[in-house]
Amino acid sequence: MTGTLPWDGEMTCVRHDERTGASFVIALHSTTLGPAAGGTRAMAYPSLDEAVTDARRLARAMSLKMAAADLPIGGGKSVIMLPTPRAQLDDRRWREILSVHAHNLELLNGSYWTGPDVGTGSEDMDVLARTTRFAFGRSVAAGGPGSSAEATAQGVFSAIRASVREVGEPGLDGLRILVQGLGAVGSRVATLVAEAGARLLVTDVDEARCGPHVAAGARIVPAEEVTRTECDVFAPCATGGVIDTDIATMLPARVVAGAANNILATDGAERVLHDRGIIVAPDFVANGGGALHLIGREVLGWSESDVLARTVLIEKALDEVFTSARKQRITPLQAATAGAVERIQA
Ligand code: HCI
């Protein structure tokens, strides 16, 4: 392989399965605080290099997320590089792919636990759990904690509240909030901010998903205009990499706070946004609600209300990140990363 990024993680496992045509990448970034955990992302990638790079960056974000949420768990991620997009895979082949993945998890014997991510859901965890113990996030029907979307959205909502305060707004009332991606998490974030009085702007590659929000008063923004649309809060809730350095120089927003992992395409983008006075909520703090739900319910024995009580504390955690960044004259991402790394190294 060529061109993969240097990486500070522990181990990356790669497997190709001839029969299904799928390749599997499992990145264990850190097992210092506990076994590595992080979801399984199933997508078609242009190359194996890109799949490896994605798995590693996402695994690193999981280590930071777990540490920032004070969970006794490390960070990892799986990427299944599909031979064709998920929607075009027939059920039988998908089952075969999951069965290879279950075998991967068994081989790692608990050093890595998986869960749902882009392209996988609770029902896939149910399938994995029939052959391996190392899957979080089974459906409620199968005895699991079910979807983490509600907790993730609550945490993002708390992050938005903390972030708008940092730019001098007392609350969300009257602010223009642009939610990108109306999947399980994004649509809940949209509903929560609208209920808090925000003027909601929505966008999704599947325009039908905008319908219910438009009926409730939201305005649709065409996908290609998202990063050129003036708003108070830009909330990316689809896939990551939406803000590169060029976009950062002109993004007409005051706050960036969303659910997506790795919102910034480059490290330089945050510096550019910071210099323009735009507040960026570090994504691994803002979207920690999902991890609190899965790990809280399945490892720590928390109830749903325990999860909620911990999730709303994301607002306070971000207040502390912003304060520490101001004091040290560094960016919030630098402050949050330093805090998480300190926890891992302590
Ligand atoms: C996430 O926040 O990306 C999901 C959290 C997660 C996924 C898989 C195992 C544990 C936690």
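As a reminder, the structure under discussion sits directly above these lines.
Report follows, based on the coordinates. Everything numeric in this text was worked out from a predicted model, so none of it was measured. (Residues numbered from 1 in each chain as written. Predicted model: local features only at pLDDT ≥ 70, side-chain atom pairs only at ≥ 80, totals over all residues. Heavy atoms only, no water.)

1. Re the side chain of Lys65
- By secondary structure assignment, the location of Lys65 is in helix H1 (residues 48-68).
- In this structure the side chain of Lys65 is engaged in a polar contact, spanning 3.0 Å, whose partner is the side chain of Asn261.
- Non-local contacts of Lys65, meaning those with residues more than four positions away in its chain, are made with Asn261, Phe284, Asn287, Gly288 and Ala291. (Helix = DSSP H or I, 4+ residues; strand = E, 2+ residues; numbered from the N terminus. Polar contact = N/O pair within 3.5 Å; in protein donor to acceptor, adjacent residues only side chain to side chain. Contact = heavy atoms within 4.5 Å.)

2. Some details on the pairing of strand E5 (residues 74-81)
- For E5, a buried count of eight out of eight residues is recorded, marking the element as mostly surrounded by other parts of the structure.
- Neither face of E5 is exposed, since Gly74, Gly76, Ser78 and Ile80 on one face and Gly75, Lys77, Val79 and Met81 on the opposite face are all buried.
- Pairing between strand E2 (residues 22-30) and E5: seven bridges, direction antiparallel. Counted as the bridge partner of Ala27 is Lys77 from E5.
- Note that strand E3 (residues 36-37) and E5 share two bridges and pair parallel. When the bridges of E5 are listed, Ala36 appears paired with Gly74.
- Where strand E4 (residues 40-43) lies against E5, four bridges are found, and the strand directions are parallel. Residue pairing in the sheet places Thr40 in a bridge with Ser78 of E5. (Buried < 20%, exposed > 50% of the residue type's maximum accessible area, 1.4 Å probe, protein only. Pairing = 2+ DSSP bridges.)

3. Here's the deal with H1
- Here H1 contains 21 residues, and its C-alpha end-to-end distance of 30 Å stays within 8% of the 30 Å for a straight helix at 1.5 Å per residue.
- With 16 of 21 residues buried, H1 lies mostly within the body of the structure. (Expected span 1.5 Å × (residues − 1).)

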